[in-house]
Amino acid sequence: MNLEDYILSQDEEAHKQRLHNKLMDMLDLPMLQTVSSAQASEQIERLCLQLMQDSPTPLSLDSRQKIIRQILDEVLGHGPLEPLLADPTVADIMVNGCNNIYIERRGRIEKVPLTFRDDVHLMGTIERIVSSVGRRIDERSPMVDARLKDGSRVNAIIPPLALNGPTVSIRRFTVEKLAIDTLIDFGTITPAVAEVMEAVVKGKLNILISGGTGTGKTTFLNILSGFIPANQRIITIEDSAELQLQQPHVVQLESRPANIEGKGEVSQRDLVKNTLRMRPDRIVIGEVRGAEAFDMLTAMNTGHEGSLTTIHANTPRDALGRLENMVAMTGFDMPIKNIRAQVASALDLIIQLERQEDGRRRLVSMQEVHGMEGETITMSEIFTFERTGVDGEGNVLGRHRPTGVMPNFYDRLARRGMVLPRSLFGGDDVHRGIL
Ligand SMILES: Nc1ncnc2c1ncn2[C@@H]1O[C@H](COP(=O)(O)OP(=O)(O)OP(=O)(O)O)[C@@H](O)[C@H]1O
Ligand SMILES: [Mg+2]
């Protein structure tokens, strides 16, 4: 459905309000919850039509249908969020108070001309979403993560913490899943990078995907995980399950926050430890954020090769620093040099993603992690995005190119039967060296 077909004119809107008020007096809401949603919507529709007939100003058939649809969405669904949730091109929905709804589509953010009646209406919608996953939102717990039936991830935060009124952020998951070819079409990577990515996953390198918020880390991780051979046992660990692996042998684990009494927490760290007793071939961690970093590195260093994860960081070097901090925060009394040595020997490859100002997500660097030189971890860049400028429409110009450095993993992959064409890595301007 087109959003334009959903939005009401001022007259229609006024009509809807009147109808809605009358309807609220007539409807037996508790009873509606006991019948199927098809029955409930049939009843509401019948009542609406009846009320419309009594109305002094006649409405066109088209207007009547639009109004009824909105009322149904309000009474039984998520109100103005419904048409956005039904649109597969909407990737993100952001609500800042009842009057401001934004969406992200094809990498761009736009405001939509839809609103909630007031903050009470918005709060009601939020409560409906969070109560459906057995959680609640109120002054005592003013921040909640929840999930919609279709798997979309929802975060809500309310006043007094949110100053603009109840605030909701929805990351959609029914949006057509991106595949490696779409990443090439979108200019996120090149065919050469895609070929290397497939080989490094099959060849069991430990890979860290780094990027800021919304740069496409989870999407990239999902696509990379798709290259894991179907005969391997994959265990995924996430705070909020987003990955959708297609292989037959996948065990999905999700951490659990503490309940209102502060009890019952199962952290990602607990899950990583447990996973080691579950005979995984591959461990895929949605995002490392804390103490689990230590156990993940230990796992990578003790034979669990081919693990994949993401981290929130702006450069590969920054990603290393953050990992180090996460390990240091676990409270082990370990000299920083030893932590670094752990990181360096665990990781093989870092992929850096960026969301650039034209809304596109790009791989901007691929770096191989070598080892230590003195106190520093050494890496070398294999692919880079060379930015040359911005065109008249604000599109970032540039190209991906190999740096010409032959990665050390080349031989390792070759030993495992994956012989990549050397030309994939041979850039036009060859500069060797360790960054
Ligand atoms: N390569 C891409 N090109 C265009 N859009 C993309 C690309 N990768 C992801 N997206 C879109 O960008 C949004 C964010 O993607 P994703 O959830 O993978 O990012 P993230 O970095 O994991 O975000 P977060 O920091 O919230 O965890 C999604 O709506 C997704 O559809
Ligand atoms: Mg993510």
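Model, not experiment: these values are computed from the prediction.

**Here's the deal with the pairing of strand β15 (residues 396-402)**
The side chains of a regular strand alternate between the sheet's two faces. In this sheet, β15 lies alongside strand β14 (residues 376-390) in antiparallel orientation, the contact comprising seven bridges. The partner of V390 across the bridge, within β15, is V396. Between β14 and β15, which pair antiparallel one after the other, the connecting turn spans five residues, and G394 there sits at a positive phi close to 85°.

**Some points on unusual backbone geometry**
The general pattern is negative phi for most residues beyond glycine and trans for most peptide bonds. In this model, P159 is joined to P160 through a cis peptide bond whose omega is 5°. Not every positive phi belongs to a glycine, and R279 is a case in point at roughly 50°. Secondary-structure assignment places R279 in the loop between α10 (268-275) and β10 (282-285). According to the relative accessible area criterion, R279 is exposed, its value standing at 55%.

**As for the sheet that holds strand β4 (residues 143-147)**
On the basis of which strands lie adjacent, the open sheet formed by six strands has the order β3-β2-β1-β6-β5-β4 and antiparallel pairing. Both outer strands of the open sheet, β3 (108-112) and β4, are each paired with one neighbouring strand and no more. Going across the sheet, the axis of each strand differs from the next one's by a mean of 20°, ignoring polarity. The pairing of β4 with strand β5 (residues 153-157) spans five bridges and is classified as antiparallel. If you follow A146 over to β5, its bridge partner there is V154. With respect to the sheet, helix α6 (residues 119-131) is in contact with β1 (90-96), β4, β5 and β6 (167-171), its orientation differing from that of β4 by roughly 60°.

**With respect to the sheet that holds strand β9 (residues 250-254)**
Spatial ordering of the open sheet is given by β9-β8-β10-β11-β7-β12-β13-β14-β15, a layout of nine strands whose pairing is mixed. In the strand order of this sheet, the two ends are held by β9 and β15, each with one partner. The average undirected angle you get between the axes of adjacent strands in this sheet is 25°. Note: strand β13 (residues 361-373) against β14, eight bridges, orientation antiparallel. In the strand pairing of β14, M372 is matched with I377. Of the strands in this sheet, β7 (207-211), β10, β12 (349-355), β13 and β14 touch helix α8 (residues 191-202), which is tilted by about 45° from β13. Contacts between helix α9 (residues 217-225) and the sheet are confined to β7, β10, β11 (308-312), β12 and β13, with β11 contributing the most and set at about 170° to the helix.

**Comments concerning helix α13 (residues 336-346)**
Listing the buried residues of α13 in full gives I339, V343, A344 and A346. Here the buried face of α13 lies against α11 (292-301), α12 (316-329), β13 and β14.

**Observations regarding the pairing of β3**
Pairing geometry for strand β2 (residues 101-105) and β3, over five bridges, is antiparallel. Bridge assignment links Y102 to a residue of β3, and that residue is K111. Linking two consecutive strands that pair antiparallel, namely β2 and β3, is a turn of two residues; a positive phi of about 45° is found at R106 within it.

**Re the nonpolar core**
Within the largest apolar cluster, 39 residues are counted, with the highest numbers of intra-cluster contacts made by V200, I207, F220, L224, I351, M366 and F425. Every element with two or more residues in this core is listed here: α7 (180-185), α8, β7, α9, β12, β13, β14 and α14 (409-415). Counting residues per element, this core draws most heavily on α8, at seven residues. If we ignore the near neighbours within four places in the chain, the residues touching L224 are M197, V201, I207, I209 and L308. Listed in part, the 32 residues of the second largest apolar core include I283, M300, V327 and I377.

**Regarding the packing of α11 against α13**
Where α11 contacts α13, the two axes come as close as 9 Å, and the packing angle between them is 55°. Between α11 and α13, the interaxial angle falls into the category oblique. Our pair here, α11 against α13, has a crossing hand that is left-handed. Across from L297, T298, M300 and N301 in α11, the residues of α13 making contact are Q342, V343, S345 and A346. In terms of residue class, the contact of α11 with α13 is built from four nonpolar, four polar and no charged.

**Structural notes on the domain arrangement of the protein**
Taken domain by domain, the protein comprises domain 1 (1-75), domain 2 (77-175) and domain 3 (180-425). Distance between the C-alpha centres of domain 1 and domain 3: 49 Å.

The rules behind these values
Residues numbered from 1 in each chain as written. Chains lettered and ligands numbered in written order. Predicted model: local features only at pLDDT ≥ 70, side-chain atom pairs only at ≥ 80, totals over all residues. Heavy atoms only, no water. Pairing = 2+ DSSP bridges. Helix = DSSP H or I, 4+ residues; strand = E, 2+ residues; numbered from the N terminus. Buried < 20%, exposed > 50% of the residue type's maximum accessible area, 1.4 Å probe, protein only. Axes fitted to C-alpha atoms, helices over the stretch in contact; angles between N-to-C directions. Contact = heavy atoms within 4.5 Å. Core = buried A, V, L, I, M, F, W, Y, C linked by side-chain atoms within 4.5 Å. Parallel < 35°, antiparallel > 145°, perpendicular 65-115°, else oblique. Left-handed = near helix turned anticlockwise from the far one by under 90°. Nonpolar A, V, L, I, M, F, W, Y, C, P; charged D, E, K, R; others polar. Domains from an automatic or database assignment.

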